[in-house]
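# Observations on the three-dimensional arrangement
Here is how the chains run, residue by residue.
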Amino acid sequence: MFDKLKNLGEMMKKAKLVKDALGEITIEAASRDGKIKMSFDGENMLQSISIDEEYLNPSRKDEFEELLKSCIQEGIKKAQAAAAKKMKDVMGIDLPGMF
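Residues numbered from 1 in each chain as written. Predicted model: local features only at pLDDT ≥ 70, side-chain atom pairs only at ≥ 80, totals over all residues. Heavy atoms only, no water.

In terms of regular secondary structure, the chain is built from 2 helices and 3 strands. Reading the helices (α) and strands (β) of the chain from amino to carboxyl end gives α-β-β-β-α. Restricting the contact set of the chain to residue pairs at least 6 apart, pairs at least 24 apart contribute 46%. (Helix = DSSP H or I, 4+ residues; strand = E, 2+ residues; numbered from the N terminus. Contact = heavy atoms within 4.5 Å.)

Another point: the side chain of Asp-41. By the secondary structure assignment, Asp-41 is in strand 2 (residues 36-41). Lys-19 provides the closest opposite charge to the buried, unpaired Asp-41, separated from it by 8.2 Å. With near-sequence residues (within four places) excluded, Asp-41 lies in contact with Leu-22, Gly-23, Ile-25, Ile-27, Gln-47 and Ala-79. (Buried < 20%, exposed > 50% of the residue type's maximum accessible area, 1.4 Å probe, protein only. Lys, Arg positive; Asp, Glu negative; His and termini not counted. Salt bridge = Lys/Arg side-chain N within 4 Å of Asp/Glu carboxyl O.)

Tracing the backbone shows Gln-80 in helix 2 (residues 61-91). On the basis of relative accessible area, Gln-80 is assigned to the partly exposed category, the value being 29%. Taking C-alpha positions, Gln-80 is 7.1 Å from Asn-44, a pair spaced 36 residues apart along the chain.

This brings us to the side chain of Ser-31. Mapped onto the elements of the fold, Ser-31 is located in the loop between strand 1 (26-30) and strand 2. A relative accessible area of 5% places Ser-31 in the buried class. When neighbours within four sequence positions are excluded, Ser-31 is seen to be in contact with Ile-36, Leu-67 and Cys-71.

Turning our attention to the sheet that holds strand 3 (residues 46-51). Strand order across the open sheet formed by 3 strands is 1-2-3, with antiparallel pairing between neighbours. Edge positions in the sheet fall to strand 1 and strand 3, since each has one partner strand and no second. Sheet twist, expressed as the mean angle between neighbouring strand axes with direction ignored, is 15°. Taken together, the 5 bridges between strand 2 and strand 3 define a ladder with antiparallel strand orientation. Bridging from a neighbouring strand, Met-38 pairs with Ile-49 of strand 3. Helix 2 contacts strand 1, strand 2 and strand 3 of the sheet and is inclined by roughly 30° relative to strand 2. (Pairing = 2+ DSSP bridges. Axes fitted to C-alpha atoms, helices over the stretch in contact; angles between N-to-C directions.)

One non-glycine residue, Asn-44, lies in the positive phi region at around 70°. Mapping Asn-44 onto the fold places it in the loop between strand 2 and strand 3.

Of note, Asp-20 is situated in helix 1 (residues 2-24). Judged by relative accessible area, which is 37%, Asp-20 ranks as partly exposed. For Asp-20 and Glu-43, which are 23 residues apart along the polypeptide, the C-alpha to C-alpha distance reads 9.5 Å.

Moving on, we get to the nonpolar core. Of all hydrophobic cores here, the largest spans 10 residues; its members are Ile-27, Ala-29, Ile-36, Met-38, Phe-40, Tyr-55, Phe-64, Leu-67, Cys-71 and Ala-79. Secondary-structure elements contributing two or more residues to this core are strand 1, strand 2 and helix 2. Here this core gets 4 residues from one element, more than from any other, and that element is helix 2. (Core = buried A, V, L, I, M, F, W, Y, C linked by side-chain atoms within 4.5 Å.)

Structure representation (structure tokens):
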């Protein structure tokens, strides 16, 4: 039983290391035309966003919304991949489908 508690303690330490490392990672995402840019940390938190002024025109609203959506999806996907890699590197665990 104590071995299991020891293993649990070790896993918790490693999980904290992963969490701390993910907070330091920066992931960049951009629209295909490069006029919308975002950065996320490794915990999927949006850190910054930059939007070219031409997309602030109401006549481009639909295009802007579509590009914004795809940029956010790209950033989250990259952040999840970074988290999965960091977890595998630090904890030695590969959890397919978790991220």
